[in-house]
Amino acid sequence: KNQVEQSPQSLIILEGKNCTLQCNYTVSPFSNLRWYKQDTGRGPVSLTIMTFSENTKSNGRYTATLDADTKQSSLHITASQLSDSASYICVVSAANQAGTALIFGKGTTLSVSS
Amino acid sequence: DTGVSQDPRHKITKRGQNVTFRCDPISEHNRLYWYRQTLGQGPEFLTYFQNEAQLEKSRLLSDRFSAERPKGSFSTLEIQRTEQGDSAMYLCASSSAGTFNEQFFGPGTRLTVL
């Protein structure tokens, strides 16, 4: 069964600190992995997309890693800001499909406090 | 702003009433998706259109739900005889038929059924 599991479920950090969110998946055949940021009451916004051949991709203070062998990904946030408070969702796309191509994790809720 | 708009942003209705939501995708995108998201969960796939054709429906989409995309542009999602369990955020996303099938999400419609 295609599944995406994220940890931790929630996280509280102080402004300026770094943090790492984890994503494990069992999706086959794998196409790509995405991290989305979802502010409360808003739709998800894409941060990064990685194919199986990419090990790391950065978007400003966000750096995603992918280990296709162990089927793990991480999202590292550097020098956190209050605006980073949101839910971060790991999404894995299965190849050769369209409508049900995206398998969503439940997300990690990040709270950045001052 | 991703370029995908949804209307209304919030809807409160009484149990048993019918509701209709609208989604306007990015104009050049031929694929349109509907998702449902409940608190603390990732989005769950409901249905998918390519142009005006509805190509896939989730088993979550009961016969009280109907979606249309009459001219291959905007889409509507109607829920008949609403139930309290229908309370959720309804997200629309659109994409082009590219390699990554990157989906851009709208802000969502928050439905509350009293």
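Reading the values: the criteria
- Residues numbered from 1 in each chain as written.
- Chains lettered and ligands numbered in written order.
- Predicted model: local features only at pLDDT ≥ 70, side-chain atom pairs only at ≥ 80, totals over all residues.
- Heavy atoms only, no water.
- Helix = DSSP H or I, 4+ residues; strand = E, 2+ residues; numbered from the N terminus.
- Rg over C-alpha atoms; globule rule 2.2 N^0.38 Å.
- Buried < 20%, exposed > 50% of the residue type's maximum accessible area, 1.4 Å probe, protein only.
- Salt bridge = Lys/Arg side-chain N within 4 Å of Asp/Glu carboxyl O.
- Disulfide = S-S within 2.5 Å.

1. Focus: the overall build of chain A
For step 1, the next point in the chain: The helix and strand tally for chain A stands at zero helices and 11 strands.
For step 2, the next point in the chain: For chain A, the N- to C-terminal ordering of α and β elements is β-β-β-β-β-β-β-β-β-β-β.
For step 3, the next point in the chain: Here the C-alpha atoms of chain A give a radius of gyration of 14 Å, agreeing with the 13 Å that 2.2 N^0.38 yields for 114 residues.
For step 4, the next point in the chain: Looking at chain A residue by residue over its 114 residues, the buried ones come to 47%.

2. Digging into the pattern of salt bridges
Residues and elements named next belong to chain A.
For step 1, the next point in the chain: In total, this model carries five salt bridges over all chains according to the counting rule given.
For step 2, the next point in the chain: Notably, a salt bridge pairs D84 with R61, separated by 2.8 Å at the nearest N-O pair. One end of the pair, D84, is in the loop between β8 (72–77) and β9 (86–94); the other, R61, is in the loop between β6 (56–59) and β7 (62–67), with 23 residues separating them in the sequence.
For step 3, the next point in the chain: What makes D84 buried here is its relative accessible area of 1%.
For step 4, the next point in the chain: We classify R61 as partly exposed; its relative accessible area is 24%.

3. Considerations on the state of the cysteines
For step 1, the next point in the chain: What the rule picks out here adds up to two disulfides over all chains.
For step 2, the next point in the chain: With its sulfur 2.0 Å from that of its partner, C23 of chain A forms a disulfide with C90 of chain A. As the torsion about the S-S bond is roughly -65°, the C23 of chain A-C90 of chain A disulfide counts as left-handed. Pair noted here: C23 of chain A is in strand β3 (residues 19–26) and C90 of chain A is in strand β9, with a separation of 67 residues, a long-range link.
For step 3, the next point in the chain: A disulfide bridge connects C23 of chain B with C92 of chain B, and the sulfur atoms are separated by 1.8 Å. Residues C23 of chain B and C92 of chain B are joined by a disulfide whose S-S torsion is about -65°; by sign, that bridge is left-handed. Here C92 of chain B lies in strand β9 (residues 88–95) and C23 of chain B lies in strand β3 (residues 19–24), a separation of 69 residues in the sequence. Of the two residues, C23 of chain B and C92 of chain B, neither departs from the other in class, the shared state being buried.
For step 4, the next point in the chain: The thiol of C19 of chain A is not disulfide-bonded; the next cysteine sulfur, from C90 of chain A, is found 15 Å away.
For step 5, the next point in the chain: Of the residues examined, C19 of chain A reaches a relative accessible area of 5% and is grouped as buried.

None of the figures reported here should be taken as evidence of function without further support.
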